[in-house]
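Each chain, letter by letter, is given below.
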Amino acid sequence: MSAPQDKADGCELPEELRRYYLDAMGVQVWDELYSHAVSTAETQVVEAAVVETAVTEAPVQEENIVHAEAVDSTPMPDVLSSSWPELQSMVQQCSQCDLHSSRTQVVFGAGNQNARLLLVGEAPKQDEEEQGMPFVGEAGDLLTAMLKAIDLQREDVYITNIVKCRPAENRHPQPAELDACHQYLHRQIALLQPKVIFAIGAMASQTLLKSSKNIGVLRGQAHNFEGIPLVASFHPAYLLRKPSEKRKAWQDLLQVKSLLVE
Ligand code: URA
């Protein structure tokens, strides 16, 4: 389905376009189902966000691209006391698991290092490895649209993965890879000190929550990661395969939004 032409010349979003974007988020019958459950203010936020919800990716910023590493001989500080640039450099030079031998590029993370919202996915795929940025493929486009639906731009948040190098053939990361990379995510969280963590998909949610429960069970519950509120939700790649679950993802996003304003 292609987007109806946006002929809006002011703040008002034409009804046809509004319907299209809500439909893309899986909230086609917003008025009927949610009008009494969700405040007018929230509705306005969605309407404002969907003006820009055409699933286009934010331009890749050169400073956020982690290029293939030039090894430097300066001794590395401890991960636990590292600064952002030191940490990024350590991750670029990491060889603590087998993924380092097949990677072409580390995907450290991207976004606002003062963000209040941290999004954590599973691991880079081919597109992400090529660009050195998390969530840039089709699933990334949907993630961008989901953020916009709660009035956030990619530049407002920080996005990373539990594993920073691409596992071959789109397989899930192995326990040894998760263990090796855990310290880096931990340090990113300590440096960022986010107000809310949004765990994207089963593997990120299970790893952060040290749980083996199904994502269908983990989502919709209040969690925390070392005192930071954590919302678990479906992976956008799964939502692309199963759009009927978008409604639940929307509820998870509303939970994120309300935790951010608390
Ligand atoms: N899936 C993830 O979990 N992370 C990415 O960066 C891209 C796809």
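One numbering rule holds for all chains: residues counted from 1, following each sequence as written. Given that this is a predicted model, residues contribute local features only at a pLDDT of at least 70 and side-chain atom pairs are listed and counted only at 80 or more, while totals for whole chains, interfaces and linings are drawn from all residues. To get the side-chain values, all heavy atoms of the structure are used, and hydrogens and water are removed first.

Draft legend 1. Representation of the site of the ligand. Residues are counted as near a molecule or strand when any one of their heavy atoms sits within 4 Å of it. Residues in contact with the ligand, as listed here, are Gly121, Glu122, Ala123, Lys125, Glu128, Pro134, Phe135, Asn161 and His235. Within the backbone of phenylalanine 135, a nitrogen or oxygen atom sits 3.0 Å from an oxygen atom of the ligand. Considering the ligand on its own, with 230 Å² of exposed area, one finds that the protein chains cover 98% of that surface. For this scheme, ten residues count as nonpolar: Ala, Val, Leu, Ile, Met, Phe, Trp, Tyr, Cys and Pro. Four count as charged, namely Asp, Glu, Lys and Arg, and the remainder, Gly too, count as polar. Residues of the shell around the ligand, tallied by class, amount to three nonpolar, three polar and three charged. Two N or O atoms form a polar contact when they lie within 3.5 Å of each other; inside protein one atom must be a possible hydrogen donor and the other a possible acceptor, and for residues adjacent in sequence the pair counts only when both atoms belong to side chains. Per-residue and other accessible areas were derived by the Shrake-Rupley procedure at a 1.4 Å probe size, with only the shown protein chains allowed to occlude residues.

Draft legend 2. Structural view of the nonpolar core. Residues belong to a common nonpolar core when they are buried Ala, Val, Leu, Ile, Met, Phe, Trp, Tyr or Cys residues joined through side-chain atoms within 4.5 Å. The buried label goes to any residue with under 20% of its type's maximum accessible area, the exposed label to any with over 50%, and the partly exposed label to all in between, with areas taken from a 1.4 Å probe on protein chains only. Residues Leu117, Leu119, Ile197 and Leu208 are the most contacted members of the largest nonpolar core, which totals 62 residues. Ignoring anything within four residues of it in the chain, the contact list for leucine 119 reads Leu143, Leu147, Val157, Tyr158, Ile159, Thr160, Phe198 and Ile200. Whether two residues are in contact is decided by their heavy atoms: any pair within 4.5 Å suffices.

Draft legend 3. Quick look at unusual backbone geometry. Of note in this structure, glutamate 169 is not a glycine but carries a positive phi near 50°. Per the convention used, a helix needs a DSSP run of H or I reaching at least four residues, while a strand needs a run of E reaching at least two, with both numbered from the N terminus. Looking at the element boundaries, glutamate 169 is found in the loop between β3 (158–161) and α8 (175–192). We classify glutamate 169 as exposed; its relative accessible area is 74%. A positive phi is found at lysine 210, a non-glycine position, where the angle reads about 50°. On the secondary structure map, lysine 210 appears in the loop between α9 (202–209) and α10 (215–218).

Draft legend 4. Representation of the environment of tryptophan 250 within the structure. Structurally, tryptophan 250 can be placed in helix α12 (residues 246–261). Sequence-wise, tryptophan 250 and alanine 149 are 101 residues apart; in three dimensions their C-alpha atoms are separated by 8.7 Å.

Draft legend 5. Molecular detail of helix α7 (residues 138–149). In this model α7 runs 17 Å from its N-terminal to its C-terminal C-alpha over 12 residues, within 8% of the 16 Å that 1.5 Å per residue would give. Immediately downstream of α7, the backbone of aspartate 151 shows phi near 65°, a positive value. To estimate how far a helix should extend, the number of its residues minus one is multiplied by 1.5 Å.

Draft legend 6. Inspection of the pairing of strand β2 (residues 117–121) at higher detail. Among the five residues that make up β2, five are buried, leaving the element largely enclosed by the rest of the structure. Going residue by residue along β2, you find Leu117, Leu119 and Gly121 tucked away on one face and Leu118 and Val120 tucked away on the opposite face as well. Taken together, the four bridges between β2 and strand β4 (residues 196–200) define a ladder with parallel strand orientation. Across the sheet, residue leucine 119 finds its bridge partner in β4, namely phenylalanine 198. When DSSP finds at least two bridges between two strands, those strands are taken to pair.

Draft legend 7. Seen up close, the sheet that holds strand β5 (residues 223–225). A sheet is described by the order of its strands in space; here six strands give the open sequence β1-β3-β2-β4-β6-β5, paired in mixed fashion. Edge positions in the sheet fall to β1 (110–111) and β5, since each has one partner strand and no second. Whenever a helix is involved, its axis is fitted only over the stretch in contact; in every case the axis is a line through C-alpha atoms, and angles between N-to-C directions fall within 0 to 180 degrees. Lying over the sheet, α8 contacts β2, β3, β4, β5 and β6 (228–233), oriented at roughly 165° with respect to β3. On the sheet, α9 packs against β2, β4, β5 and β6 and is oriented at approximately 130° with respect to β4.

Draft legend 8. Up close: the pattern of salt bridges. Take a side-chain nitrogen of Lys or Arg and a carboxyl oxygen of Asp or Glu: if they are within 4 Å of each other, that pair is a salt bridge. For the structure shown, the criterion picks out four salt bridges. A salt bridge links glutamate 129 to arginine 166, with the nearest nitrogen and oxygen atoms 3.4 Å apart. A residue pair is termed long-range when its members are at least 10 positions apart, and glutamate 129 in helix α6 (residues 126–131) and arginine 166 in the loop between β3 and α8 qualify at 37 residues. Residue classification places glutamate 129 among the buried positions, given a relative accessible area of 6%.

Draft legend 9. Structural view of the packing of aromatic side chains. The rule is short: rings of Phe, Tyr and Trp, with Trp giving its six-membered ring, pair when the centres are within 6.5 Å, and they are stacked under 30 degrees, edge-to-face over 60, tilted in between. The final tally for this structure, using the stated rule, is three aromatic pairs. Centroid distance tryptophan 84 to phenylalanine 108: 6.2 Å. Interplanar angle 85°. Geometry classified as edge-to-face. Remark: phenylalanine 108 occurs in the loop between α5 (99–102) and β1 and tryptophan 84 occurs in helix α4 (residues 84–93); sequence separation between them is 24 residues. With relative accessibility at 12%, the residue tryptophan 84 sits in the buried group. Residue classification places phenylalanine 108 among the buried residues on the basis of a relative accessible area of 1%. The interplanar angle of 40° and the centroid separation of 5.1 Å between the aromatic rings of phenylalanine 234 and tyrosine 238 together place this pair among those described as tilted. Judged by its relative accessible area of 24%, tyrosine 238 is partly exposed.

Draft legend 10. Highlighting the confidence of the model for the protein chain. Averaged over every residue, the pLDDT of the protein chain is 82; residues scoring 70 or more account for 71%. The predictor's confidence in any single residue is recorded as pLDDT, a number from 0 to 100. Of all the helices and strands in the protein chain, helix α2 (residues 30–34) carries the lowest mean pLDDT, 37, while β2 carries the highest, 99. A low-confidence stretch, residues 1–13 (pLDDT under 50), is modelled with 16 contacts involving residues beyond four sequence positions or located in other chains. Across residues 28–60, where pLDDT falls below 50, the model places 59 contacts with residues more than four positions away in sequence or in other chains.

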